[in-house]
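What follows is the residue order along each chain.
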Amino acid sequence: MTEITAHHGLLNDTKLHVDDTGGSGRPVVLIHGWPLSGESWKYQVGALEAAGYRVVTYDRRGFGRSDKPLTGYDYNTLTDDLQAVLEALDLRDVTLVGFSMGGGEAARYFTKFGAERIHSVVFASAVPPYLLQTPGNPDGPLTAALAAKMTAGLTANQESFYEDFTTQFFSVDEKLVVTEEQRQEALALALQSSKVAALEAMASFASTDFRDDLPNVTVPALVIHGDGDATVPFEGSGERTHAALVNSELHVVAGGPHGVNVSHADEWNRVVIDFLAK
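Values in this document were obtained by computation on a predicted structure and should not be read as measured data.

Let's shift gears to the packing of aromatic side chains. Scanning all chains against the criterion turns up 14 aromatic pairs. Aromatic side chains F165 and F169 sit 5.8 Å apart centroid to centroid with 55 degrees between the ring planes, which places their arrangement in the tilted category. Note that F165 and F169 are positioned in helix α5 (residues 158–169) at a spacing of 4 residues, about one turn of the helix. No difference in accessibility class separates F165 from F169, as the two residues are buried.

Here it is as structure tokens:
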């Protein structure tokens, strides 16, 4: 466990909470989804470490145990934070694994910093290429009305919003496919977030267009997604990302919800570890 200063401000620094298993294995950096923290990777860290990898997780600014500034929730700043982690730990030959919102940092990274430090990338239930449905993006799975409803719900009552959100996160056809204990773990992580951060980050993952970032991904890529994902539907996200990434691999988890790394952890870990070995 360590803290990394991702941003030096005039008045305050922004510190990120980082967990690093260490060791000499090739590094795998896990970028968590909204509105959780690095602890949401609990079912992956041990499996990846046992497979010989150095596993690094961190809490996005505003979430978990990291600092919670009032600003900096656009993807350019969040990707700068990711780069600060890689630089502080001097990580090279890295596999980036971006889950849900974290897929945005993974995509934007190649535009901002290139592939010098990167070996490969995994887009896991990820938001690229562009969630918001617009005239220029008719296949976007998130309508403006739904985005506004989410914003209003979180603004009015974050506790009830997260109750509903974590239920959908782990549900397929409105049926919870994890244990209630697992859902409660995610709910506890969500409640660690700053409300300001959660609202700003929600606006970012909803409205950021990554279609121009994906062509800059020049390393091997895996897209892994549940076919029952009701939060970031596969057809409007993972399927399109796979199509945009020439020679990328695709694995669709049958009966998988958004939180497929928890509900189908063994399958998810096996597929990702097989990809890492290539």
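Two faces belong to every sheet, and in a regular strand the side chains alternate between them. Counting buried positions along strand β5 (residues 94–99) gives 6 out of 6 residues, so the element sits mostly inside the fold. Pairing geometry for strand β3 (residues 27–31) and β5, over 4 bridges, is parallel. Following the sheet pairing, V28 is matched in β5 by T95. Relative to strand β6 (residues 118–124), β5 runs parallel, the two being bridged by 6 bridges. Bridge pairing in β6 links F99 to A124.

For the rest of this paragraph, the subject is the nonpolar core. By size, the foremost hydrophobic cluster in this structure holds 83 residues, and its most contacted members are V29, W34, L96, V121, F123 and F205. Those residues in contact with F205 that sit more than four places away from it in its chain are W34, Y75, M101, V127 and L131.

Okay, the pattern of salt bridges next. Following the criterion strictly, the structure yields 14 salt bridges and no others. Of the charged contacts in the structure, one is a salt bridge between D81 and R61, with a shortest N-O distance of 2.7 Å. Of the two residues, D81 is situated in helix α2 (residues 75–88) and R61 in the loop between β4 (54–58) and α2; the sequence distance between them amounts to 20 residues. A network of salt bridges, in which partner residues are shared, links D19, D59 and R65.

This next bit is on α5. Taking 1.5 Å of rise per residue, 12 residues should cover 16 Å, and α5 covers 15 Å from first to last C-alpha, within 8% of that figure. For α5, the complete set of buried residues consists of Q158, F161, Y162, F165, T166 and F169. Here the buried residues of α5 occupy an arc of 120 degrees about the axis, which is enough to place them on one side. Where the residues of α5 are buried, they touch β5, α4 (144–156), β7 (171–172), α6 (180–190) and α7 (195–207). Sitting at the head of α5, N157 places a side-chain oxygen 3.1 Å from the backbone nitrogen of E159.

Below, the discussion takes up the packing of α4 against α5. At a closest axis distance of 5 Å, the pairing of α4 and α5 adopts a crossing angle of 130 degrees. Taken together, the axis directions place α4 and α5 in an arrangement best described as oblique. Residues M150, G153, L154 and A156 of α4 pack against Q158, F161, Y162 and F165 of α5.

Summarising the element assignment, T143 is placed in the loop between β6 and α4. The exposure class of T143 is partly exposed, given its relative accessible area of 30%. With 78 residues separating them along the chain, T143 and A221 place their C-alpha atoms 28 Å apart. Every residue in contact with T143, bar those within four places of it in the chain, is listed here: L132 and Q133.

The rules behind the values
- Residues numbered from 1 in each chain as written.
- Predicted model: local features only at pLDDT ≥ 70, side-chain atom pairs only at ≥ 80, totals over all residues.
- Heavy atoms only, no water.
- Phe/Tyr/Trp six-rings, centres within 6.5 Å; stacked < 30°, edge-to-face > 60°.
- Helix = DSSP H or I, 4+ residues; strand = E, 2+ residues; numbered from the N terminus.
- Buried < 20%, exposed > 50% of the residue type's maximum accessible area, 1.4 Å probe, protein only.
- Pairing = 2+ DSSP bridges.
- Core = buried A, V, L, I, M, F, W, Y, C linked by side-chain atoms within 4.5 Å.
- Contact = heavy atoms within 4.5 Å.
- Salt bridge = Lys/Arg side-chain N within 4 Å of Asp/Glu carboxyl O.
- Expected span 1.5 Å × (residues − 1).
- Arc of directions from axis to C-beta.
- Polar contact = N/O pair within 3.5 Å; in protein donor to acceptor, adjacent residues only side chain to side chain.
- Axes fitted to C-alpha atoms, helices over the stretch in contact; angles between N-to-C directions.
- Parallel < 35°, antiparallel > 145°, perpendicular 65-115°, else oblique.

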